[in-house]
Amino acid sequence: MPHRRFALPALMLFLATPSYAQQPTPPLTLACSGPFAKDSSHGRLQQTFGAPNVAIQKVDGAEGESFEASVLYRSTPEKRLEVAWSDDKKRSGLASASVKKPSAWSGPEGIRVGMTLDEVTRLNGQPFKLNGFEWDYGGFVVDLKGKLAILPGGCAMTLRFSPGMALDARKHAGLLGEKKLSSSDAKLLAVKPVLTEWSVGYGE
């Protein structure tokens, strides 16, 4: 039966062909290097995570605006990651890579969504300031200093917290609006803020 003579070589050729090789799934780790280096591109993300897992999609920006970004795993909230580019037309030059609750991505120093304000302060090695809650830039960390402010790869981190409980307009008036709060403030810690979004990015 002639076909038997070619069965084994054909199988070996099938297994050796690169297009059939099983590619390992990249870990959900966001660092200022590799596919998230400053010189990255949409194409590089596709090469790393697989073209079907990287799509162009409109995402929410600041103050109600929207823009097109490269979105990883757009239909899986825990794996979703949004990448903005310095050159929108070429989709190259990484400007920022960001994740939001309930993301499972981890980043520099082990940062991740769901960490408490106290945990992030200890991770940073010193207190920092953040905006009061319930306005466009509410909960964002400002003037970050410490370990999280100095990242390998030349990028910076943006952090945003949300209160872990409902706030009362009278009782918590000191925590609301356009004001700066210390991460070590006892009144702020009492409302149990948690990290709900964070990003790494490169300045101009």
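Note on numbering: residues in each chain are counted from 1, in written sequence order. Local features in this predicted model are restricted to residues whose pLDDT is 70 or higher, and side-chain atom pairs enter the listing and the counts only when it is 80 or higher, whereas totals over whole chains, interfaces and linings include all residues. Water and hydrogen atoms play no part in the side-chain values, which are based on all heavy atoms of the structure.

Visitor: I'd like to hear about helix H2 (residues 42-49), residue by residue, with values.
Guide: All of the buried residues along H2 are His-42, Leu-45 and Phe-49. Projected down its long axis, H2 carries its buried residues within an arc of 60°, all on one side. A contact between two residues is defined here by any heavy atoms of the two lying within 4.5 Å. The secondary structure listing takes helices from DSSP runs of H or I that are at least 4 residues long and strands from runs of E that are at least 2 residues long, numbered from the N terminus. Tucked inside the fold, the buried residues of H2 contact strand S1 (54-60), strand S2 (66-72) and strand S3 (81-87). Two residues or fewer after H2 comes Gly-50, characterised by a positive phi angle close to 95°. For every residue, the accessible area (1.4 Å probe, protein chains only) is compared with the maximum for its type, and the residue is labelled buried under 20%, exposed over 50%, or partly exposed between those bounds. Read the arc as the range of directions from the helix axis to the C-beta atoms.

Visitor: I'd love a proper account of the pattern of salt bridges, names of residues and values included.
Guide: A side-chain nitrogen of Lys or Arg and a carboxyl oxygen of Asp or Glu constitute a salt bridge if their distance falls within 4 Å. Going through the model one piece at a time under the given rule, you end up with 5 salt bridges. Ionic pairing is found between Glu-82 and Arg-80, a salt bridge with its closest N-O pair at 3.1 Å. With respect to class, Glu-82 is no different from Arg-80; both count as buried. Across the salt bridge formed by Arg-160 and Glu-197, the nearest N and O atoms sit 3.7 Å from each other. In this pair, Arg-160 sits in strand S7 (residues 156-162) while Glu-197 sits in strand S9 (residues 194-201), placing the two residues 37 residues apart along the sequence. In this structure Arg-160 comes out as buried when scored by relative accessible area, which is 18%.

Visitor: Break down the packing of aromatic side chains for me, with residues and values.
Guide: Planes of paired rings set the category: under 30 degrees apart is stacked, over 60 is edge-to-face and the rest tilted, where pairs are Phe, Tyr or Trp rings (Trp by its six-membered ring) whose centres lie within 6.5 Å. The final tally for this structure, using the stated rule, is 7 aromatic pairs. Between the aromatic rings of Phe-36 and Trp-105, the centroid separation amounts to 5.9 Å while the plane-to-plane angle is 80°, which identifies the pairing as edge-to-face. Residue Phe-36 is located in the loop between helix H1 (3-16) and H2, and its partner Trp-105 is located in the loop between strand S4 (92-100) and helix H3 (117-124); the two are separated by 69 residues in the primary sequence. Between Tyr-137 and Phe-140, the ring centres sit 6.4 Å apart and the planes meet at 50°, which makes this aromatic pair tilted. With a relative accessible area of 31%, Tyr-137 lands in the partly exposed category. Through a chain of ring-to-ring contacts, three or more aromatic side chains come together here, namely Phe-36, Phe-49, Tyr-73 and Trp-105. Over a ring means this: the NZ of a Lys or the CZ of an Arg is within 6 Å of the ring centre and within 35 degrees of the ring normal. Above the ring of Tyr-73, the side-chain terminus of Lys-79 is found at 4.1 Å from the ring centroid.

Visitor: I'd like a description of the nonpolar core, backed by residues and values.
Guide: For this analysis, a nonpolar core means a set of buried residues of the types Ala, Val, Leu, Ile, Met, Phe, Trp, Tyr and Cys, connected via side-chain atoms within 4.5 Å. Counting residues in hydrophobic clusters, the biggest one holds 42 residues, and the most contacted among them are Phe-36, Leu-72, Trp-105, Ile-111, Leu-159 and Trp-198. Secondary structure elements with two or more residues in this core: H2, S3, S4, H3, S7 and S9.

Visitor: Please give an account of the sheet that holds strand S6 (residues 141-142) that cites residues and values.
Guide: Any two strands are treated as partners once DSSP identifies two or more bridges connecting them. Pairing within the open sheet is antiparallel, and its 3 strands lie in the order S6-S5-S8. Edge positions in the open sheet fall to S6 and strand S8 (180-182), since each of these has one partner strand only. Where strand S5 (residues 129-131) meets S8, 3 bridges bridge the pair, whose relative direction is antiparallel. What sits directly across from Leu-130, in S8, is Leu-181.

Visitor: How would you summarise the state of the cysteines if you had to cite specific residues and measurements?
Guide: The definition used for a disulfide is geometric: two cysteine sulfur atoms within 2.5 Å. Going through the model one piece at a time under the given rule, you end up with 1 disulfide. Two residues share a disulfide in this structure: Cys-32 and Cys-155, whose sulfurs sit 1.6 Å from each other. Taken together, the residues Cys-32 in the loop between H1 and H2 and Cys-155 in the loop between S6 and S7 connect sequence positions 123 residues apart. A single burial state applies to Cys-32 and to Cys-155, both of which are buried.

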